[in-house]
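Residue strings, one per chain:
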Amino acid sequence: MGNSAYVVASDILTAEHVCLAIGGRELLADATIRMARGSITALLGRNGAGKSLLLQCIFGTRAATECDVHVNGVLLRNAYTIPRLMNYLPQRPFLPQDVRVGALMRQYRVPQEKLLAEYPELEAYIHTPIRELSPGYERLLSVLLVLYADSRFTMLDEPFAHIEPMYAERLLASLQRQRYRKGIIITDHRYEPLLQVADTIYLLKEGRSVYIREVEDLVVHGYLATLNSLITR
Ligand SMILES: Nc1ncnc2c1ncn2[C@@H]1O[C@H](COP(=O)(O)OP(=O)(O)OP(=O)(O)O)[C@@H](O)[C@H]1O
């Protein structure tokens, strides 16, 4: 797990009693997540466990049956409407296809010089419209825009999907750097890199969030069959 020494005295976001039913099907049943600015929280769960729905409920773009989101004890409604509080990387492509990379960096208020210092290869794409990027490159750019944007909390839904191994490693390093200035929650099926950087781990199971104290708990709760892939590294 990550080093909680990175955690600084800071904003605390809690989402409690998150309940959601669609078409009579109970999909979230009292899920709870707590995240602090300066730390990384991993949200694991099997396919269809409700991870994306939970993030959308916290963000406020999905109407939940119940969802109490507080930042430093202040109750929030529709977190997405509060400037610079929180941003969210959805699982599916969302960038406007006709807009150029540089224009999007400005729109997201990304510190362009800093981002280009870390990813100098992006310079060549500054004038390129999104529709001309490969799907993997578009995904990488989407993750970077959300991660480097000015917000106190960032939620990333499958940031490693479609990203080549070299970029996945660099992205992990970027996450470590960005954790100093924001609280980050990540859900991804590539659990190994997540376990490396996460300070806190939750497993979403049967609509509830289970706090994972030890990686062995992931086997106990039926998320992993064994710990072999972790232990043999
Ligand atoms: N609009 C909807 N109407 C009905 N059911 C939905 C809707 N959106 C999601 N679901 C169902 O809710 C469940 C949880 O979906 P969600 O996308 O949150 O899962 P997930 O944990 O993110 O899964 P994955 O890891 O496969 O992306 C799934 O069974 C899905 O079919």
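- By the naming in an unreviewed UniProt entry, the protein chain goes by ABC transporter ATP-binding protein and is assigned to Nemorincola caseinilytica.

1. Side note on the overall build of the protein chain
Here is step 1: Helix and strand counts for the protein chain stand at 8 helices and 10 strands.
Here is step 2: In terms of overall dimensions, the protein chain is globule-like: its C-alpha atoms have a radius of gyration of 17 Å, near the 17 Å expected for 233 residues.
Here is step 3: Counting across all 233 residues of the protein chain, residues that qualify as buried make up 52%.
Here is step 4: Sequence-distant contacts, at least 24 apart, represent 70% of the contacts inside the protein chain between residues at least 6 apart.
Here is step 5: Per element, the accessible surface of the protein chain, about 11400 Å² overall, is 50% carbon and sulfur.
Here is step 6: Positive and negative side-chain charges in the protein chain, numbering 26 and 25 respectively, have mean positions lying 3 Å apart.

2. What to know about the sheet that holds strand E4 (residues 66-71)
Here is step 1: Ordered by their spatial adjacency, 4 strands build an open sheet running E2-E1-E4-E5, and the pairing between neighbours is antiparallel. Across the chains shown, the open sheet's two edge strands, defined by having one partner strand only, are strand E2 (25-36) and strand E5 (74-76). For this sheet, the mean inter-axis angle between neighbouring strands, taken without regard to orientation, is 20°.
Here is step 2: By the bridge criterion, 9 bridges tie strand E1 (residues 12-22) to E2 in an arrangement that is antiparallel. Bridge assignment links Thr14 to a residue of E2, and that residue is Arg34.

3. Overview of the packing of aromatic side chains
Here is step 1: A complete count under the given rule lists 6 aromatic pairs for this structure.
Here is step 2: Arranged with centres 5.4 Å apart and planes meeting at 50°, the rings of Phe59 and Tyr88 form a pair that is tilted. Note that Phe59 is positioned in helix H1 (residues 51-59) and Tyr88 in strand E6 (residues 86-89), a separation of 29 residues in sequence. For the pair shown, Phe59 and Tyr88 are each scored as buried.
Here is step 3: Residues Tyr191 and Tyr223 carry aromatic rings whose centres are separated by 6.1 Å and whose planes lie at 80° to one another, so their mutual orientation is edge-to-face. With a gap of 32 residues between them, Tyr191 in helix H6 (residues 191-197) and Tyr223 in the loop between helix H7 (216-220) and helix H8 (228-231) connect regions that are remote in the sequence.
Here is step 4: Exposure remark for Tyr223: the relative accessible area of 14% places this residue in the buried category.
Here is step 5: Following the ring pairs from residue to residue traces out a cluster consisting of Phe59, Tyr80 and Tyr88.

4. Overview of the sheet that holds strand E9 (residues 200-205)
Here is step 1: Here 6 strands make up an open sheet; going across it, the order is E6-E7-E8-E3-E9-E10 and the pairing mixed. Taken across any chain shown, the strands that pair with only one partner, and hence form the sheet edges, are E6 and strand E10 (208-212). Neighbour to neighbour, the strand axes of the sheet diverge by 20° on average, direction disregarded.
Here is step 2: Direction of pairing for strand E3 (residues 40-44) relative to strand E8 (residues 183-187): parallel, over a ladder of 3 bridges. Bridge assignment links Ala42 to a residue of E8, and that residue is Ile186.

Each value, and the rule that gives it
Residues numbered from 1 in each chain as written. Predicted model: local features only at pLDDT ≥ 70, side-chain atom pairs only at ≥ 80, totals over all residues. Heavy atoms only, no water. Helix = DSSP H or I, 4+ residues; strand = E, 2+ residues; numbered from the N terminus. Rg over C-alpha atoms; globule rule 2.2 N^0.38 Å. Buried < 20%, exposed > 50% of the residue type's maximum accessible area, 1.4 Å probe, protein only. Contact = heavy atoms within 4.5 Å. Areas by Shrake-Rupley, 256 points an atom, 1.4 Å probe, with all protein chains shown as cover. Lys, Arg positive; Asp, Glu negative; His and termini not counted. Charge placed at Lys NZ, Arg CZ, Asp CG, Glu CD. Pairing = 2+ DSSP bridges. Axes fitted to C-alpha atoms, helices over the stretch in contact; angles between N-to-C directions. Phe/Tyr/Trp six-rings, centres within 6.5 Å; stacked < 30°, edge-to-face > 60°.

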